[in-house]
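# Architecture and fold: a report
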Amino acid sequence: MEVSKEVDARGLNCPLPILRAKKALADMDSGQVLRVLATDPGSQRDFAAFAKQTGNQIVESSVEDKVFVFLMRRR
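## Considering the nonpolar core
- Ranked by internal contacts, the top residues of the largest apolar core, which has 17 residues, are L34, V36 and F47.
- Put simply, the parts of the chain that give this core at least two residues each are β1 (5–9), α1 (16–26), β2 (33–38), α2 (43–54) and β4 (67–73).
- For this core, the element with the highest residue contribution is α1, accounting for four residues.
- Beyond its immediate stretch of four places on either side in the chain, L34 contacts K5, E6, V7, A21, A24, L25, M28, F70, L71 and M72.

If you want it as structure tokens, here you go:
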């Protein structure tokens, strides 16, 4: 999967990872994929709610060495 943009939100607490992702998605075209890196344990819940609320799709979610990785497709 081709990633168009990446947001490194490691070390940031809620709501900063969501706000950075929202800003990045606003500059992207429909269908492009954003990769977000976050360390806040609440980010899994936050990104699920954010995707549902905005209509953007989480196409993949994983954890690598205590870093949560989200791939979001712009609506």
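## Some details on the sheet that holds strand β3 (residues 57–64)
- Strand order in the open sheet formed by four strands is β1-β2-β4-β3, and the pairing between neighbours is mixed. Because the sheet does not close on itself, it has two edges, and the strands there are β1 and β3. Sheet twist, expressed as the mean angle between neighbouring strand axes with direction ignored, is 15°.
- Sheet topology note: the β2/β4 ladder contains six bridges and is antiparallel.

## What about the pattern of salt bridges?
- Tallied over the full model, the rule gives three salt bridges.
- For E6, the salt bridge identified is with R35, shortest N-O distance 2.8 Å. Here R35 lies in strand β2 and E6 lies in strand β1, a separation of 29 residues in the sequence.
- Assessed through its relative accessible area of 24%, R35 is described here as partly exposed.
- In this structure, the salt-bridge partner of D8 is R10, at a minimum N-O distance of 2.6 Å.

## Observations regarding the packing of aromatic side chains
- A full pass over the atoms with the stated rule returns two aromatic pairs.
- Between F47 and F70, the ring centres sit 4.5 Å apart and the planes meet at 25°, which makes this aromatic pair stacked. With a gap of 23 residues between them, F47 in helix α2 and F70 in strand β4 connect regions that are remote in the sequence. With respect to burial, F47 and F70 carry one shared label: buried.
- Through pairs of rings, three or more aromatic residues link up here, namely F47, F50 and F70.

Definitions and cut-offs
- Residues numbered from 1 in each chain as written.
- Predicted model: local features only at pLDDT ≥ 70, side-chain atom pairs only at ≥ 80, totals over all residues.
- Heavy atoms only, no water.
- Core = buried A, V, L, I, M, F, W, Y, C linked by side-chain atoms within 4.5 Å.
- Buried < 20%, exposed > 50% of the residue type's maximum accessible area, 1.4 Å probe, protein only.
- Helix = DSSP H or I, 4+ residues; strand = E, 2+ residues; numbered from the N terminus.
- Contact = heavy atoms within 4.5 Å.
- Pairing = 2+ DSSP bridges.
- Axes fitted to C-alpha atoms, helices over the stretch in contact; angles between N-to-C directions.
- Salt bridge = Lys/Arg side-chain N within 4 Å of Asp/Glu carboxyl O.
- Phe/Tyr/Trp six-rings, centres within 6.5 Å; stacked < 30°, edge-to-face > 60°.

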